[in-house]
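Tertiary structure, described
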Amino acid sequence: MLDGVTLDQLRTFIAAADEGSFSAAARKLRRAQSVVSQTLANLEAQLAVKLFDRSARYPKLTDQGRSLLADARSVADNVDGFKARAHAMREGLEPELAVVVDVMYPMQALTRAAIHSRKTFPHTPLRLYVEALGAVIRPVLDRSCSVGVIGSLPTVPDELQSEPLLDVPFATVVSPTHRLAAVRGVVSASAVAKHVQLVLTDRTVLTDGRDFGVLSPLTWRLADLGAKHAFLRAGLGWGHMPLHMVKADLDSGALIRIRVEGVARGLGFSMKAVFRKDAPPGPAGRAFIAQLK
């Protein structure tokens, strides 16, 4: 008998509980009161549970009814979500938006795009990865992500199409306790070569044999930008960092900005959105890219 419970019965149960009477539920559902009463009686018979106490003027939920009401709401909500997602897919909307973003991208801008995506496409869940260098490109190439945001990897593979987003300025920084912090003016290339440079490294083999912005033969390579930030603050080396990540440190004096010979004042990355040419993003992906711009 339990297999015969219908969504209509559950919606009638919820309406009766919310409205406080069978007659009010009937008006809400645009049905005759007798139909509502019979529907609920059939549901109670199938469940072998009394949902309403009908001894007073207005029916009241029993303890069992109150307990099952939460489950009924959950079932109805899940079905509504199921139907909404199916409708969205029928209209061409992606069932899921998978995005991989370069760790250099400003998190505030990324958060804004995610908020817009949730409001505009509530039935399209977001799956987000934050990576660096080749680890941003790889998930797009292997189709596990439909959109990538690159910056630390300057080249775009032929299989991908790119669109410009924004520029992220960089700063070359050291701890105030580091020897390079005491150098006045431009630090020579020979001077920085004597000190450890903290470098973000690739988790993939896409950049094997290639370095970006490496000026010292002495390097510590870190796969996590947060670790690099902490190591810089601890005086373990010098390095380039996105300005938005170290601005508070520069303002407080926790890090010192240095000028290095051969490093242009306008050091930074041009961030790009990328996707496969043979699998362009759908409506949710296009809207996400538009927000990133």
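Here is a short report on the structure shown in this document. Residue positions are given per chain, counting from 1 as you read along its sequence in written order. Given that the model is predicted, a residue must reach a pLDDT of at least 70 before its local features are reported, and side-chain atom pairs must reach 80 or more before they are shown or counted; all residues, however, enter totals for whole chains, interfaces and linings. Side-chain numbers here rest on the full set of heavy atoms in the structure, without hydrogens or water.

**Some thoughts on the overall build of the protein chain**
For the record, the criterion: Counting from the N terminus, the helices are DSSP H or I runs at least four residues long and the strands are E runs at least two residues long. Three labels apply to residues, based on accessible area from a 1.4 Å probe with only protein chains included: buried if under 20% of the type maximum, exposed if over 50%, partly exposed otherwise in between. Any two residues whose heavy atoms approach within 4.5 Å at even a single point are treated as in contact. Under the convention used here, a 1.4 Å probe and the Shrake-Rupley method define accessible areas, while residue burial counts only the protein chains that appear. Working convention for charge: Lys and Arg count positive, Asp and Glu count negative, and His plus the chain ends are omitted. A charged residue contributes its charge at one atom only: NZ of Lys, CZ of Arg, CG of Asp or CD of Glu.
The secondary structure content of the protein chain amounts to 10 helices and 13 strands. Once the C-alpha set of the protein chain is aligned to its principal axes, its extents read approximately 90 × 45 × 30 Å. Expressed as a percentage of its 293 residues, the buried residues of the protein chain come to 39%. Within the protein chain, counting contacts between residues at least 6 apart in sequence, those at least 24 apart form 70% of the total. Looking at the protein chain as shown, the accessible area adds up to about 15,700 Å², and 54% of this sits on carbon and sulfur atoms. For the protein chain, the distance from the average site of its 37 positive side-chain charges to the average site of its 28 negative ones is 6 Å.

**Comments concerning the pairing of strand β10 (residues 239-242)**
Selection rule: Strands are labelled as partners when DSSP assigns at least two bridges between them.
Judged by which residues are buried, β10 turns out to be covered on both faces: G239 and M241 on one side and H240 and P242 on the other are all buried. Pairing geometry for strand β6 (residues 160-174) and β10, over four bridges, is antiparallel. Counterpart to A171 in the pairing with β10 is M241.

**A look at helix α3 (residues 33-47)**
To keep it simple, the criterion reads: In this analysis, the expected span of each helix is defined as 1.5 Å times one less than the number of residues it contains. Directions from the helix axis toward the C-beta atoms define the arc.
With 15 residues, α3 extends 21 Å from end C-alpha to end C-alpha; this agrees with the ideal 21 Å at 1.5 Å per step. Taken together, the buried positions of α3 are occupied by V36, T39, L40, L43, E44 and Q46. Buried residues in α3, looked at end-on, bunch into an arc of 165°, giving them a common side. More than 90 degrees from the buried face of α3, the exposed residues found are S34 and A45.

**Let's talk about the pairing of strand β5 (residues 147-150)**
Residue alternation in β5 divides its side chains into two sets, V147 and V149 and G148 and I150, and both sets are buried. Looking at chain direction, β5 and strand β13 (residues 268-276) are connected through three bridges and run antiparallel. Paired with I150 across the strands is K272, a residue of β13.

**What about the pattern of salt bridges?**
Where we set the bar: One speaks of a salt bridge when a side-chain nitrogen belonging to Lys or Arg is within 4 Å of a carboxyl oxygen belonging to Asp or Glu.
Summed over the entire model, instances satisfying the criterion amount to 12 salt bridges. R54 serves as the salt-bridge partner of E44, at 2.9 Å between the closest nitrogen and oxygen. With E44 in helix α3 and R54 in the loop between β1 (52-53) and β2 (60-61), the pair connects residues that are 10 residues apart, well separated along the chain. According to the relative accessible area criterion, E44 is buried, its value standing at 12%. Shared partners join several salt bridges into a network, and the residues in it are R143, R276 and D278.

**Focus on the packing of aromatic side chains**
The line we're drawing: To pair, rings of Phe, Tyr and Trp, with the six-membered ring standing in for Trp, must have centres within 6.5 Å; the planes then decide the type, stacked if under 30 degrees apart, edge-to-face if over 60, and tilted in the middle.
Within this structure, the stated rule accounts for four aromatic pairs. Both rings, one in F13 and one in F52, keep their centres 5.8 Å apart while their planes meet at 85°; by these two values the pair is edge-to-face. On the criterion of sequence distance, the pair formed by F13 in helix α1 (residues 7-19) and F52 in strand β1 is long-range, its members being 39 residues apart. For F13, a relative accessible area of 2% translates into the label buried.

**Quick notes on the packing of helix α8 (residues 225-233) against helix α9 (residues 243-252)**
Each pair of packed helices can be described by the angle between their axes along with the distance between the axes. Note the following rule: With axes taken as lines fitted to C-alpha atoms, and helix axes fitted only over the stretch in contact, angles between N-to-C directions fall between 0 and 180 degrees. The cut-offs work like this: below 35 degrees is roughly parallel, past 145 is roughly antiparallel, 65 to 115 is roughly perpendicular, and the gaps in between are oblique. We call a crossing left-handed when the near helix sits turned anticlockwise from the far one by less than a right angle, and right-handed when that turn is clockwise. We call Asp, Glu, Lys and Arg charged. Ala, Val, Leu, Ile, Met, Phe, Trp, Tyr, Cys and Pro are nonpolar, and the rest, Gly among them, are polar.
Where α8 meets α9, the axes come as close as 12 Å, and the angle between the chain directions of the two elements is 25°. By the criterion of interaxial angle, the relationship of α8 to α9 is roughly parallel. α8 and α9 meet at a crossing whose hand is right-handed. Between α8 and α9, the contacting residues are L225, H229 and R233 on the first element and M245, V246 and D249 on the second. Among the residues making up the contact of α8 with α9, the classes are represented as three nonpolar, one polar and two charged.

**Re the environment of G237**
Take G237: it is sitting in the loop between α8 and β10. Its relative accessible area of 0% is what places G237 among the buried residues. Beyond its immediate chain neighbours, meaning those up to four positions away, G237 contacts V174, H178, V196, L198, F231 and L232.

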